[in-house]
Amino acid sequence: MRDEHTQRWQQRYRESPPERMPWHREQPAETLVEAVRRGLLPKGVTIDLGCGTGTDLMYLAQQGYRVIGVDIATEPLCFARERFREAGLDIPLIQADARFLPFRDASIDLICDSGCFHSFAPEIRPMYARSVARVLKPGGILFMREFHADQPQPPEGGPYRLKLEEFFEVFTPHFRFLSVGEAYYHDLPPDRCRLHVLRLQRR
Ligand SMILES: C[S@@+](CC[C@H](N)C(=O)[O-])C[C@H]1O[C@@H](n2cnc3c(N)ncnc32)[C@H](O)[C@@H]1O
């Protein structure tokens, strides 16, 4: 689907190489590591949705998760594929849109989303929620880390700074909210990086 959302991401990855993007990092997100350490994320078939350059995927694979990376853009997937090859990791990567996930109904145990959902404009958020709800098993987990509304919204639109109520509105029809927390996004300046950390369970 080549709408404005898709075009914005294609344009973004034309601006500079994936390894120069502000979200690229060599270490997995601390919030993800903490959640895995505490046993909050079921080990099973796992999608990293909007996986970018694949750092969290590598970490999850090393922790014994059966991971699949999904991203809408070609460039980060090519970059991730090369990293995995060098690391000797066999991790499937699929170019697909989170709104139209190419997986069977109720086939996935865990979906991790770090910074993908917050790029969705309000009118397309329900499509995302329906898509992830369709592919998750009942009881499956959606683990999200998205920008918080307690920071300035850039004038040009996304990435969106989200209020908790905006998550409730979109996800409550399909999910129970198991935990609602906050954290900071790796090495961005503190005034730009407050995050919601949410663990939702498919009803
Ligand atoms: C802010 S980056 C975060 C990348 C990675 N999760 C991380 O934490 O380093 C968001 C990623 O989501 C991807 N993305 C945006 N919209 C998407 C969609 N509709 N479907 C799949 N991926 C999408 C982008 O291409 C980008 O790689």
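Quick caveat: nothing in here was measured; it's all calculated off a predicted structure. (Residues numbered from 1 in each chain as written. Predicted model: local features only at pLDDT ≥ 70, side-chain atom pairs only at ≥ 80, totals over all residues.)

(A) Geometry of the site of the ligand. Surveying the vicinity of the ligand reveals 17 residues, the closest of which are G50, G52, A98, S114 and G115. Its residues assigned to classes, the shell around the ligand shows nine nonpolar, five polar and three charged. (Near = placed C-beta within 6 Å. Nonpolar A, V, L, I, M, F, W, Y, C, P; charged D, E, K, R; others polar.)

(B) View of the environment of G69. Of note, G69 is situated in strand β2 (residues 66-71). Between the alpha carbons of G69 and T53 there is a distance of 9.5 Å; along the sequence they are 16 residues apart. Other than its neighbours up to four places away in sequence, G69 contacts D48, C51, G54, L57, A80, I91 and L93. (Helix = DSSP H or I, 4+ residues; strand = E, 2+ residues; numbered from the N terminus. Contact = placed C-beta atoms within 7 Å.)

(C) Just helix α6 (residues 164-171), in detail. Every buried residue belonging to α6 is among F167, V170 and F171, and all of these are buried. Take α6 and look down its axis: the buried residues cluster within an arc of 80°, on one side only. Away from its buried face, by an angle of more than 90 degrees, α6 presents the exposed residues E165 and F168. (Buried ≥ 20, exposed ≤ 12 C-beta atoms within 10 Å, placed from the backbone. Arc of directions from axis to C-beta.)

(D) Layout of the sheet that holds strand β4 (residues 108-114). Spatial strand order, β3-β2-β1-β4-β5-β7-β6: seven strands in an open sheet with mixed pairing. Only two strands of the sheet have a single neighbouring strand rather than two, namely β3 (93-95) and β6 (175-184). Taking each pair of neighbouring strands and ignoring which way they run, the sheet shows an average axis angle of 20°. Direction of pairing for strand β1 (residues 45-49) relative to β2: parallel, over a ladder of five bridges. (Pairing = 2+ DSSP bridges. Axes fitted to C-alpha atoms, helices over the stretch in contact; angles between N-to-C directions.)

(E) Examining the nonpolar core more closely. L57, I111, V132, L142 and F143 are the most contacted members of the largest nonpolar core, which totals 49 residues. Among the elements that make up this core, the one with the highest residue count is strand β5 (residues 136-147) (six residues). Excluding anything up to four places from it in sequence, I111 contacts I47, L49, V132, L136 and L142. (Core = buried A, V, L, I, M, F, W, Y, C linked by C-beta atoms within 7 Å.)

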